[in-house]
Amino acid sequence: MCLSKALLLVLNITNFADRTLTLQNLRMSTILIIGACGQLGTELTESLRARHGNDKVIATDVSAPKESLLSGPFEHLDAMDGKRLAELIVKYRVGQIYHLAAVLSAKGEADPMFAWNLNMTSLLTVLEIAKERRLERVYWPSSIAVFGPNSPINHTPQNTIMNPNTVYGISKLAGERWCEYYFLKYGVDVRSIRYPGLIGYKAKPGGGTTDYAVDIYYKAKEGKDFNCFLREDTLLPMMYMTDAVDGTIQLMEEQSSKIKIRSSYNLHAMSFAPKDIYEAIKSEVPGFSISYEPDFRQKIADSWPNSIDDSHARADWGWEPKYDLKRMTTEILANLILD
């Protein structure tokens, strides 16, 4: 569906009544997750259902659900289908949306126009619905991909030069500006985090440049050698999925007055290179070995920061990660179950 048609469908939706934004109401409000089958979506759905109840968190995706997502309602949803999204909001009396669907960095370079269309059309559809329906809150993830080759590489500031060189990064930077615009102009309570590379074991990676740091654990668990598509010394910011989920929920449940940044917050937990994660795994899987064969993703990684300054998130809403590389590696290897 083209952008103009999607937005016209959304603009025909009638308004909901105003809601009082208290934490109690937020906990009672129905939550809808777009892109629930992805890495972040899978674990975020599970955590929110444990927190609010299975029937209060509606998982949606264009893909068929895995069994863990069937603990509560699941609906098929194309993220660009504004009419279908509006129907689900009415059906379940949705007050909050977590919009996670996107084409990631590596996959985006294979089909830039599709990536741009999906990433931007889906976001604008959600923002228009949030404005017209007066939804309580919206969450949309950004990424360190918004930075580029001219951004400071070490301790990259919250506000700095941004010249992304991937369609994923360009769409995320444009999305940040749209989120801030809808907050300032229409009062849409939209919140966002610039994630570093996210590492989890409950869902397989979805086409990102940092996905090597997920796949490497699968190979170690399978007893196979790992061929890395980045150089051994490629330092990148990373985060364990548990920290990412906890930080996301913390941001969404914080009172509005404490959220000072309406584009997207920098978030950081650790930085490491492929050789570092290899050594961490080898300490627990002695026979594991790695080789290196950099491909087109190396150029993408070279344009991203080594580390991130997340002092604004720490000061504004108390962000603090719990996992380092060693603790994350021990937990993943102990819990990863192969299909």
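The structure contained in this document is the topic of the report that follows. Treat the numbers as computed from the prediction; the structure is a model and nothing was measured.

With that settled, consider the overall build of the protein. The number of helices and strands found in the protein is 13 helices and 14 strands. For a compact globule of 339 residues, the expected C-alpha radius of gyration is about 20 Å, and the protein comes in at 19 Å, within 12% of that figure. Taking the principal axes of the C-alpha coordinates as reference, the protein spans close to 60 × 45 × 40 Å. In the protein, buried positions account for 56% of the 339 residues. Restricting to contacts in the protein with at least 6 residues of sequence separation, those with at least 24 account for 79%. Summed over its atoms, the accessible surface of the protein is roughly 14,100 Å², and 51% of this surface lies on carbon and sulfur atoms. The protein carries 38 positive and 41 negative side-chain charges, and their two centres are separated by 5 Å.

Interaxial distance between helix H4 (residues 82-92) and helix H6 (residues 112-133) falls to 10 Å at its minimum, and their mutual angle equals 40°. Viewed along their axes, H4 and H6 adopt a mutual orientation that is oblique. H6 is crossed by H4, and the crossing has right-handed handedness. Seen from H4, the contacting residues are Gly 82, Leu 85, Ala 86, Ile 89 and Val 90; seen from H6, they are Thr 125, Val 126, Ile 129 and Arg 133. Its residues assigned to classes, the contact of H4 with H6 comprises six nonpolar, two polar and one charged.

The next point concerns the nonpolar core. By size, the foremost hydrophobic cluster in this structure holds 40 residues, and its most contacted members are Ile 199, Tyr 212, Tyr 217, Phe 272, Ile 277 and Met 328. Counting residues per element, the ones that place at least two in this core are helix H7 (167-186), helix H8 (212-222), strand E10 (226-228), strand E11 (236-240), strand E13 (270-272), helix H10 (274-282), helix H11 (297-302) and helix H13 (325-335). Those residues within four positions of Ile 277 in sequence are excluded, and the remaining contacts are Tyr 212, Ala 213, Ile 216, Tyr 217, Phe 272 and Leu 325. Of all hydrophobic cores here, the second largest spans 32 residues; its members include Ile 33, Tyr 139, Ala 244 and Ile 261.

If you walk across this open sheet you meet the six strands as E3-E2-E1-E4-E5-E7, and the pairing is parallel. With partners counted over all chains shown, the strands left at the sheet margins are strand E3 (74-76) and strand E7 (190-191), one partner each. Relative to E3, strand E2 (residues 57-61) runs parallel, the two being bridged by three bridges. Bridge pairing links Ala 59 to Phe 74 in E3. Set on the sheet, H6 makes contact with strand E1 (30-34), strand E4 (94-99), strand E5 (137-139) and E7; between it and E4 the angle comes to about 160°.

Time to look at H6. With 22 residues, H6 extends 31 Å between its outermost C-alpha atoms, agreeing within 8% with the 32 Å of an ideal straight helix rising 1.5 Å per residue. The buried fraction of H6 is high, at 16 of 22 residues. Arg 134 sits one or two residues past H6 and shows a positive phi near 55°.

To continue, consider the pairing of E4. For a regular strand, side-chain orientation follows a simple rule: the groups alternate between the two sheet faces. Counting buried positions along E4 gives six out of six residues, so the element sits mostly inside the fold. Here E1 runs beside E4; their pairing, made up of five bridges, is parallel. Looking at E4, one finds that Ile 31 is bridged to Gln 96. Strand direction decides the pairing type here: E4 and E5, joined by three bridges, are parallel. Across the sheet, residue Ile 97 finds its bridge partner in E5, namely Val 138.

Right, let's talk about the side chain of Arg 262 for a bit. Note on placement: Arg 262 falls in the loop between helix H9 (241-253) and strand E12 (265-266). One polar contact links Arg 262 to Asp 189, side chain to side chain, over a distance of 2.6 Å. Excluding its chain neighbours within four sequence positions, the residues that come into contact with Arg 262 are Glu 176, Cys 179, Glu 180, Phe 183, Asp 189, Val 190, Arg 191 and Ser 256.

Attention shifts here to the packing of aromatic side chains. Inspection of the entire model under this criterion finds 12 aromatic pairs. Judged by centre distance (6.3 Å) and plane angle (90°), the rings of Tyr 212 and Phe 229 are edge-to-face. Of this pair, Tyr 212 sits in helix H8 while Phe 229 is found in the loop between E10 and E11, placing the two residues 17 residues apart along the sequence. Judged by centre distance (6.4 Å) and plane angle (45°), the rings of Trp 317 and Trp 319 are tilted.

Definitions and limits used
Residues numbered from 1 in each chain as written. Predicted model: local features only at pLDDT ≥ 70, side-chain atom pairs only at ≥ 80, totals over all residues. Heavy atoms only, no water. Helix = DSSP H or I, 4+ residues; strand = E, 2+ residues; numbered from the N terminus. Rg over C-alpha atoms; globule rule 2.2 N^0.38 Å. Buried < 20%, exposed > 50% of the residue type's maximum accessible area, 1.4 Å probe, protein only. Contact = heavy atoms within 4.5 Å. Areas by Shrake-Rupley, 256 points an atom, 1.4 Å probe, with all protein chains shown as cover. Lys, Arg positive; Asp, Glu negative; His and termini not counted. Charge placed at Lys NZ, Arg CZ, Asp CG, Glu CD. Axes fitted to C-alpha atoms, helices over the stretch in contact; angles between N-to-C directions. Parallel < 35°, antiparallel > 145°, perpendicular 65-115°, else oblique. Left-handed = near helix turned anticlockwise from the far one by under 90°. Nonpolar A, V, L, I, M, F, W, Y, C, P; charged D, E, K, R; others polar. Core = buried A, V, L, I, M, F, W, Y, C linked by side-chain atoms within 4.5 Å. Pairing = 2+ DSSP bridges. Expected span 1.5 Å × (residues − 1). Polar contact = N/O pair within 3.5 Å; in protein donor to acceptor, adjacent residues only side chain to side chain. Phe/Tyr/Trp six-rings, centres within 6.5 Å; stacked < 30°, edge-to-face > 60°.

These values are about where atoms sit, not about what they do.
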